[in-house]
Every structure is written in C-alpha cells, then in structure tokens.
Amino acid sequence: MAPPAMAFQSLTLAPPPLPHPAARRRVRVLAVAADYTPPPPPSSPEPANSPSRLLRELAERKKVMSPKKKHPPRRFILKPPLDDERLTQRFLNSPQLSLKALPLLSSCLPSAPLSAADRTWMDEYLLEAKQALGYPLAPSETLGDGDDCPARHFDVLLYLAFQHLDPSCERTRTRHVRSGHSRLWFLGQYVLELAFCEFFLQRYPRESPGPMRERVFSLIGKRVLPKWIKAASLQNLVFPYDDLDRMIRKDREPPSKAVFWALFGAIYLCFGMPEVYRVLFEAFGMDPEDENCQPKLRRQLEDIDYVSVEFEKRQLTWQDVAAYRPPPDALFAHPRLFRACVPPGMHRFRGNIWDFDNRPKVMNTLGYPLPMNDRIPEIKEARNIELGLGLQLCFLHPSKHKFDHPRFCFERLEYVGQKIQDLVMAERLLMKHLDAPGRWLAEKHRRLLMNKYCGRYLRDKHLHHYIVYGESVQDRFEHNRRLRNPSTTSVQQAIHGLAYCVYGKPDVRRLMFEVFDFEQVQPKAV
C-alpha cells in the first residue's frame with residue numbers, strides 16, 4: 001500500500017527515490033507531519049540591515065496588518081425591489097405627495113407618516129423649541145386656511161430639523177427622519193448664504209465681495225455655530241445627554257451645523273426670507289458690527305463713484321432688508337438689490353461701442369427682454385435700458401476699470417449669482433429626487449455646479465467673445481485658457497445675479513435649465 005501523498009508534500013521539495021519493490025511491503029508509517037516548518041537552526045545573529053532579515057520582518061508585518069477581508073455590512077447588500085403594488089402604496093401614503101400647490105415644501109416633508117415615537121418627541125420638546133425661536137405655542141395646524149398654507153406644516157419640519165443623526169437613538173435612524181433632516185440642511189445652507197449675501201450687499205454698498213465673505217464666515221462658520229445654538233438656549237434639544245461646553249470639537253460641530261442649517265431650511269419653506277432674518281438677528285442675536293465679525297484690514301481702492309440715494313443717508317439694518325417690499329410699479333423684482341450691485345454711474349456707458357454692437361447679440365442669445373405686463377409703456381423702456389447696462393456690467397472684467405472705479409466690474413453681481421444659482425439648483429434637485437438623502441443631493445449639486453462647467457456653458461453659447469478685458473491683459477486672457485476660463489465662470493454667475501435682480505428667481509431657472517442647460521438633458525446639435 002502506497003503512503004498518502006500529503007505526508008510528503010510539506011517535508012520535501014523534490015520527489016523521493018522509489019524504494020526497492022521487495023522493501024516496499026516492510027515500510028510502516030509511524031507519523032505524518034502536515035504544514036510544519038521546522039525552526040531554523042541557531043546561527044550567528046544577523047546584522048540589523050541584513051536583506052534576509054528585513055524581508056522576513058516585512059512578511060511577518062504583512063500577516064498582522066492585512067487580515068482576511070471582512071464581509072460588507074448588511075446595509076450595502078442590495079435588496080430586491082418592492083413589487084408594484086407595495087411601491088404604489090408607499091408613494092400614495094407619503095406626505096411628500098400631499099401638497100400640489102407647494103411642490104418644494106412637499107418634497108421636504110417626511111417620506112412616511114410620523115410614528116408614535118416621533119409624536120412623543122414633538123409633545124415633549126417642540127414647545128421649548130418654539131419658545132426659544134419666538135413662535136406661538138399653538139399647534140401649527142391651526143394656522144391659515146387649508147393645507148396650501150405653508151405655515152401649517154411648520155411643526156413637522158421643525159421636528160425634522162432637530163433630528164440630527166445619533167447612532168445611539170433608534171428614532172433618528174429611521175429612514176423618513178434621517179432623510180427628511182438631511183434634505184432640510186441641504187436646503188438651509190444655501191438659504192443662509194443668499195440671505196447674508198443680500199443683506200451685506202445692501203448694508204455695505206461700496207464694499208467688494210471679499211470682505212463680505214469673511215463677515216459671513218465669521219457669523220455662520222462651523223466653529224461658531226455651537227455658540228449660536230447655546231445663545232438661543234437650544235443646546236438641550238440638540239445635545240440632550242451632553243454638556244455642550246465640555247464636548248470636543250468633532251463631536252459638537254457636525255450636529256450643531258446640521259441642526260442650524262436644517263432649522264433655516266424649515267423656516268424658509270414655511271415663512272419665507274423675512275422670517276429668516278428675524279430668527280438670525282433676534283432669536284440668535286447675531287450682530288454684524290461685532291468685532292469678531294470684522295474682515296481683515298486690507299488696502300482699499302478709493303471709490304469716487306456715487307451710490308444710490310437710498311444707501312447714502314444711513315446704513316441699512318436687518319429690519320430694513322426684511323421689511324422691504326418693492327412698490328407695485330417697480331422696474332425690477334428686487335430693485336434695491338439691483339441698485340446695490342449696478343452703480344448709477346453705469347449710465348455713462350450708454351451708447352458706447354459694446355452697447356451698440358454686442359448688447360443686441362447677448363440679449364438675443366439670452367432671450368431678453370422678457371415680455372412683461374406694464375401699465376405704463378415708459379416702465380418697459382426704462383427697464384430695458386437698465387437691463388442693457390447691467391449686462392454690460394456683467395461682461396466688464398475687473399482688469400478694465402476696477403483700479404480707478406472699484407465697482408465698475410462684475411464682482412458684486414457675481415456674488416449674488418453664485419448664491420442664487422446654488423439655491424435654485426438645490427430646489428430643483430429636492431423636487432426632482434423625492435427619496436434621495438441630503439448627502440447624495442449635496443454631491444449631485446456639487447458636480448452639476450462645478451466652476452469649469454459654468455464657464456463651459458457660457459462658451460458653448462459663444463458669449464465669451466464679448467467680455468471686456470483691460471488693454472494690459474487682453475492678449476493673455478484671450479490666448480490662455482487657464483486665465484480665460486475662470487473669468488467666463490464669473491460672467492456666467494454675474495448673468496444669473498442680474499437675472500435675479502431684474503426678473504426674479506423664475507428667470508434664473510429659465511437661464512439655468514432652458515438657455516444654458518445645466519442638467520445637460522437637452523438634445524445636442526449634430
């Protein structure tokens with residue numbers, strides 16, 4: 001009988017010589033050693049830089065550091081899709097499809113009816129949140145007439161705003177709460193950016209956007225948000241089991257940021273932008289003149305140009321910005337914001353070569369002027385003149401006039417355009433993807449609004465040929481795409497800012513999704 005092969009595989013490398021046939025019968029197998037490597041014989045210690053020793057230590061370290069690959073967690077394993085009947089029932093029961101007149105607010109409602117645990121939290125803590133923010137304590141369902149009143153849904157959205165993801169809490173990990181909260185903070189961050197942009201542009205009519213961005217960061221940067229949460233006495237709702245002052249930064253900042261953003265997403269959906277200003281400056285007590293919110297000292301260019309009359313007399317407060325309503329026969333949707341971005345001195349550019357040669361081509365490409373129902377014909381004529389001057393400002397590169405006239409460039413309109421296009425795209429994604437969580441929407445938003453794409457859409461329409469550069473940099477910008485492409489992005493955003501000031505948010509939607517096709521869904525010309 002031949003011995004088993006496994007007895008010799010681990011002991012020898014070469015096959016042993018076959019024994020004599022007569023002796024094969026007398027062989028007895030006494031022991032079998034499998035997978036055994038005898039220890040090396042003791043020898044002289046190897047030097048520290050010996051190659052064999054280094055290789056052996058590296059092999060041992062690899063064994064320790066790279067264990068067997070683990071199985072993926074269960075949440076990443078694909079589940080079979082719901083059958084048609086259950087899927088239809090789930091959509092029909094979803095509160096997101098309950099409001100036809102308010103599609104944006106409806107898309108931010110929870111994807112499933114609130115559970116008993118959700119109602120318990122609302123009964124215990126919602127009154128405290130309302131009292132801290134200065135809202136009436138009565139249930140919001142008693143406000144307004146019918147479900148089409150946005151304020152009736154404030155209780156549900158306010159509940160979702162405080163439900164930041166807590167791994168130890170089963171209630172905040174349910175899908176409708178987790179997704180509803182993340183969708184609210186996704187919207188709220190852009191609401192806050194636009195609110196401060198409009199406020200600072202009107203409060204500081206001569207300032208460039210650089211210092212304004214520093215002011216905004218000092219007020220609502222993630223490092224200071226826990227301070228505002230505590231100033232409004234909301235820390236017990238955000239951190240019910242922890243002391244906010246003793247928590248480390250990485251534990252207190254992400255929940256504070258998520259709750260703060262989601263809170264203003266809910267307020268914007270239910271009450272609009274004026275209420276956002278009230279809560280910012282009353283409930284949270286923000287002070288734009290605080291010494292911690294001042295921008296860095298920098299060399300300022302002398303501004304010799306006039307500002308609009310409404311900014312000359314005094315510095316506007318948040319009450320002026322929040323309570324402002326344009327008159328019924330106003331030229332623009334946001335007249336004061338337009339005056340803050342387009343200086344009165346732009347009228348000296350009327351009738352120049354750009355106005356005569358390039359303005360009709362730009363207006364034709366953008367579909368301007370839009371048809372408006374004006375009672376007085378002179379209003380339409382005046383609006384079109386101002387629109388032409390605003391377009392010329394959108395195409396004025398800072399290298400042309402900024403050194404002598406700091407506001408005769410597209411910077412302030414570009415600042416508005418960045419914020420309004422962020423908000424418009426966020427609203428579009430929320431209404432388009434009803435079941436998507438906020439993190440997915442944020443990544444989609446980032447990829448759609450990359451700067452390189454914004455400039456590319458402008459160049460696709462051949463509008464970059466009309467940008468006015470200074471004589472000293474003309475050749476460099478026209479023949480170097482690394483210089484030219486960021487300027488085309490700025491012009492694109494300035495056009496969105498002008499559209500928002502003149503015609504309002506609907507025209508920004510028209511430009512983004514019909515003219516420039518930011519979502520890239522329109523058929524391409526062959």
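Refer to the structure presented above.
Figured I'd write up the structure that's included with this text. Predicted, not measured: the structure shown is a model, and the values here were computed from it. (Residues numbered from 1 in each chain as written. Predicted model: local features only at pLDDT ≥ 70, side-chain atom pairs only at ≥ 80, totals over all residues. Heavy atoms only, no water.)

## Examining the nonpolar core
Formed by 136 residues in total, the largest nonpolar core has its most connected members in F162, F260, F284, M286, L366 and F395. Ranked by the residues each element gives to this core, the list is headed by helix 8 (residues 175-203), at 15 residues. (Core = buried A, V, L, I, M, F, W, Y, C linked by side-chain atoms within 4.5 Å. Buried < 20%, exposed > 50% of the residue type's maximum accessible area, 1.4 Å probe, protein only. Helix = DSSP H or I, 4+ residues; strand = E, 2+ residues; numbered from the N terminus.)

## A few points about the packing of helix 8 against helix 12 (residues 249-271)
Taken N-terminus to C-terminus, the directions of helix 8 and helix 12 make an angle of 80°; their axes are 6 Å apart at the nearest point. Accordingly, the angle class assigned to the pair helix 8 and helix 12 is roughly perpendicular. For the pair helix 8 and helix 12, contact is made by H181, L184, W185, L187, G188, Q189, V191 and L192 and by A258, V259, F260, W261, A262, F264, G265, A266, Y268 and L269, respectively. (Axes fitted to C-alpha atoms, helices over the stretch in contact; angles between N-to-C directions. Parallel < 35°, antiparallel > 145°, perpendicular 65-115°, else oblique. Contact = heavy atoms within 4.5 Å.)

## Examining the packing of aromatic side chains
Taken as a whole and judged by the stated rule, the model has 24 aromatic pairs. With a centroid separation of 5.9 Å and an interplanar angle of 25°, the aromatic rings of F200 and Y204 are classed as stacked. Like Y204, F200 is buried. When the ring of F260 is compared with that of F284, the centres are 5.1 Å apart and the planes differ by 65°; the resulting orientation is edge-to-face. Of this pair, F260 sits in helix 12 while F284 sits in the loop between helix 13 (273-283) and helix 14 (309-312), and the two are 24 residues apart along the sequence. Judged by its relative accessible area of 0%, F260 falls in the buried class. By relative accessible area, which is 2% here, F284 ends up buried. Within the aromatic cluster, the residues linked to one another by ring pairs are F196, F199, F200, Y204, Y277, F281 and W318. Across from the ring centre of W228, 4.3 Å away, lies the NZ or CZ of K227, which sits over that ring. The aromatic ring of F513 is capped on one face by R428, whose charged end is 4.1 Å from the ring centroid. (Phe/Tyr/Trp six-rings, centres within 6.5 Å; stacked < 30°, edge-to-face > 60°. Lys NZ or Arg CZ within 6 Å of the ring centre and 35° of its normal.)

## Regarding the side chain of E198
You can see E198 is positioned in helix 8. Notably, E198 is buried but unbridged: the nearest opposite-charge side chain belongs to K505, and the N-O separation is 8.4 Å. (Lys, Arg positive; Asp, Glu negative; His and termini not counted. Salt bridge = Lys/Arg side-chain N within 4 Å of Asp/Glu carboxyl O.)

## Remarks on the pattern of salt bridges
For the coordinates displayed, the defined rule picks out 30 salt bridges. A salt bridge links R206 to D303, with the nearest nitrogen and oxygen atoms 3.5 Å apart. Of the two residues, R206 sits in the loop between helix 8 and helix 9 (209-220) while D303 sits in the loop between helix 13 and helix 14, which places them 97 residues apart along the sequence. Notably, a salt bridge pairs R407 with D303, separated by 2.7 Å at the nearest N-O pair. Here the residue R407 occupies a position in the loop between helix 20 (398-401) and helix 21 (411-432), and D303 occupies one in the loop between helix 13 and helix 14, the gap between them amounting to 104 residues.

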